[in-house]
Amino acid sequence: MGRRKRPLPLIENLEIIDAGAEGKAVGRWNEKVVFVPFAAPGDIVDVQVFKKKRSFYEAKITRIQQASPLRIEPECSHFGLCGGCKWQHLDYTEQLRYKQKQVKDSLDRIAKIPYPEIQQIIGSDNTFYYRNKLEYTFSDRRWLTDFDPSKEEGGPEDTNGLGFHLPGMFDKILDIEKCYLQKDPSNAIRLATKKYALKNGLTFYNVRNWEGLLRNMIIRTSTTGDLMVIIIFKENDAEKISGLMNFLKESFPEITSLMFVINDKKNDTITDLEVQLFAGHPFIMEEMPPAIEGQTALKFKIGPISFYQTNSEQAYKLYKTAFDFADFQGNELVYDLYTGTGTIANFIARCAKKVIGIEYVEDAVKDAFENAALNSIENVDFYAGDLAKVLDESFFEKHGKPDVIITDPPRAGMHVNVVKQILVAEPEKIVYVSCNPATQARDLALLHEKYDVKKVQPVDMFPQTHHVENVVLLVRRQVGSRGGAGFISREDAKGQVLFHATARRRKVCFTQKRSGTMVWDWICYQNKRRIINLNLIHQSPYF
Ligand SMILES: C[S@@+](CC[C@H](N)C(=O)[O-])C[C@H]1O[C@@H](n2cnc3c(N)ncnc32)[C@H](O)[C@@H]1O
């Protein structure tokens, strides 16, 4: 007989002390961190633990004993279930305060390097209806919430749904009545599509047995007023497809690009599939104000699978921050790493000598060239490839070493090889744009070998969520003095060891390196009366 599992604890009167990782609030109980979604700092709550790990618990609120003064009434009726806007119950000023803190915590706890005062986070003017892209999923088994009136009567007659995945659940779709993230007619199109499908017997997808005609729906909007709708079908049922597409075309004349995809694969990715045009144009146009007043606005052509920042207004503020940090003089060779569709490269190009963008999605690189041509920008070049492999000394030899590097990696941050090559290239400035302050902080610690952080500017691209972008300016450190071989000797009381530079008698500094390590070469970069910091260039192979 197996061991009977002990029930997981119900914790009463847990005080929520912080807003932590992945948007979950944080409490402490019996020396353990307790992560509680949908709680607010300052709440006193009863929670039921549902996951127990060695150093933390995950728990669900069962009762709010005392609501935090930071709480506000969420706009959306789906709050608490939908994973989209987990911070809707926090006042926007508080959201911004916690985002700013997230950046500071990452710099303090992960980077552990000196940095100047963090500039006040740039908030978003629109705190709702700011997304230009949403993807909905059809399901023949919508998630039945506790509030579903039909639940008590043995379930509803109609189990179809069109909406979002529950957080972390690939097979559970929450039917959405109204979403506050994208401007209308987004809600109207979704609701009308569902109604038409039910009335005309178009089946909704079942992700477990891979059956059902309707799979996904993507709606993209732009500040120019263009509107793209893409419906993803499981199979090529021409009659039903044209029925729904004609219905959308007639009901929503504001759609400027109506497209569909047949996806009979088991996964939802459409980047490897043909997107077929049903009506209108195969792209939408987006416009962005220029980096410098007086220049013409930039135009971007966005195809059905092209990447474009999802909050267009904030994207401008993000790029403008990066541009201002770089402080171009007009004669710089700039590398734009992780360039995507070349938006940053094209945004800054008019103020630099040349910009080279690198990106591994080939279609994005094609878009980048097209966007450059569309804006009559000629001093940019783009290369497709994995940065961890493409960026090496032969690339620098061929294209020249950059004066400035702008880097905007995905959430995982930069590959260690990319960091190494940046340190080899030694640009004067690096502007690091990041959507994940934790991985950015890790990379900043590595770059600290040669760079100092001079400016830090968080930007909020995603109100109502815990996500925050952060832009950091790094400037190459002026080398103070350089010495020959040295020797690391004994440890002091704090576990640090003393370093003796043999060429300079009695100069000593503290380092964390292992006692007994021989150092071939060193640079000291805070040269006051004595060396207080040390940069190992080569470590002896004999230790
Ligand atoms: C955060 S997006 C930045 C896009 C662009 N800077 C913008 O603002 O539109 C990161 C980009 O890095 C690309 N990428 C991810 N890993 C890569 C790699 N190893 N080598 C090259 N590009 C990569 C992704 O395809 C994506 O376009």
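You'll find the structure just up there.
Residues numbered from 1 in each chain as written. Predicted model: local features only at pLDDT ≥ 70, side-chain atom pairs only at ≥ 80, totals over all residues.

1. Focus: the overall build of the protein
Within the protein, the secondary structure is distributed over 10 helices and 27 strands. In the protein, which comprises 543 residues, the proportion classed as buried is 40%. Once local pairs closer than 6 in sequence are excluded, the contacts in the protein between residues at least 24 apart make up 60%. (Helix = DSSP H or I, 4+ residues; strand = E, 2+ residues; numbered from the N terminus. Buried ≥ 20, exposed ≤ 12 C-beta atoms within 10 Å, placed from the backbone. Contact = placed C-beta atoms within 7 Å.)

2. Topic: the environment of V26
Turning to its location among the elements, V26 is positioned in strand β2 (residues 25–29). Overall, V26 belongs to the partly exposed group, with 17 C-beta atoms counted inside 10 Å.

3. Section: the sheet that holds strand β4 (residues 44–52)
Within the closed barrel, the 5 strands sit side by side as β1-β2-β3-β5-β4. Their pairing is mixed. Going across the sheet, the axis of each strand differs from the next one's by a mean of 50 degrees, ignoring polarity. With 8 bridges connecting them, β4 and strand β5 (residues 56–66) associate as antiparallel partners. For I44, the partnering residue across the bridge sits in β5 and is Q66. (Pairing = 2+ DSSP bridges. Axes fitted to C-alpha atoms, helices over the stretch in contact; angles between N-to-C directions.)

4. Details of the sheet that holds strand β8 (residues 173–175)
Adjacent strands of a sheet pair through backbone hydrogen bonds, lying either parallel or antiparallel. Strand order across the open sheet formed by 7 strands is β8-β7-β6-β9-β10-β11-β12, with mixed pairing between neighbours. The sheet is open, and its two borders are formed by β8 and β12 (275–280), each paired with just one other strand. Neighbour to neighbour, the strand axes of the sheet diverge by 30 degrees on average, direction disregarded. Across 3 bridges, the pairing between strand β7 (residues 161–165) and β8 is antiparallel.

5. Thoughts on the site of the ligand
By nearness alone, 19 residues border the ligand, and Y338, G340, Y360, L387 and D408 come closest of all. Counting only elements with at least two residues in the shell around the ligand, the list comes to α5 (343–348) and α7 (387–390). Broken down by class, the residue content of the shell around the ligand amounts to 11 nonpolar, 5 polar and 3 charged. (Near = placed C-beta within 6 Å. Nonpolar A, V, L, I, M, F, W, Y, C, P; charged D, E, K, R; others polar.)

6. A few points about the packing of helix α1 (residues 92–111) against helix α10 (residues 437–447)
Interaxial distance between α1 and α10 falls to 8 Å at its minimum, and their mutual angle equals 40 degrees. Here α1 lies oblique to α10, going by the angle between them. Relative to α10, the crossing made by α1 is right-handed. Where α1 approaches α10, its residues Q102, V103, S106, L107, I110 and A111 are matched on the opposing element by P437, A438, A441, R442, L444 and A445. The class makeup of the residues in the contact of α1 with α10 is 9 nonpolar, 2 polar and 1 charged. (Parallel < 35°, antiparallel > 145°, perpendicular 65-115°, else oblique. Left-handed = near helix turned anticlockwise from the far one by under 90°.)

7. Observations concerning helix α3 (residues 238–251)
Since one α-helical turn is 3.6 residues long, residues separated by three or four positions face the same way. Taking 1.5 Å per residue as the helical rise, α3 with its 14 residues ought to reach 20 Å, and the 20 Å between its terminal C-alpha atoms agrees with that figure. Where α3 is buried, its residues touch α2 (186–199), β10 (227–233) and β11 (257–262). (Expected span 1.5 Å × (residues − 1).)

8. With respect to unusual backbone geometry
Note the cis peptide between D184 and P185, where omega equals 20 degrees. Positioned with a positive phi, E426 is a non-glycine residue whose angle comes to about 50 degrees. Structurally, E426 can be placed in the loop between α9 (416–425) and β19 (429–434).

9. Describing the nonpolar core
Judged by nonpolar contacts, the single largest core of 105 residues is most densely connected at V229, A322, A326, I348, I406 and V431. Taken domain by domain, the makeup of this core includes at least three residues from each of domain 2 (109–126 + 311–476) and domain 3 (133–285). For I406, the residues in contact, after removing those within four places along its chain, are A322, A326, V334, D336, L337, I344, V431 and V433. (Core = buried A, V, L, I, M, F, W, Y, C linked by C-beta atoms within 7 Å. Domains from an automatic or database assignment.)

10. Here's the deal with the pairing of β10
Counted residue by residue, β10 has 7 buried out of 7 residues, so it is predominantly covered. With burial as the criterion, each face of β10 is covered, one bearing L227, V229, I231 and F233 and the other bearing M228, I230 and I232. With 7 bridges connecting them, strand β9 (residues 214–221) and β10 associate as antiparallel partners. When the sheet's bridge partners are listed, R220 is paired in β10 with M228. The loop that links β9 with its antiparallel partner β10 comprises 5 residues; one of these, G225, has a positive phi angle of about 100 degrees. With 6 bridges connecting them, β10 and β11 associate as parallel partners. Residue pairing in the sheet places V229 in a bridge with L258 of β11.

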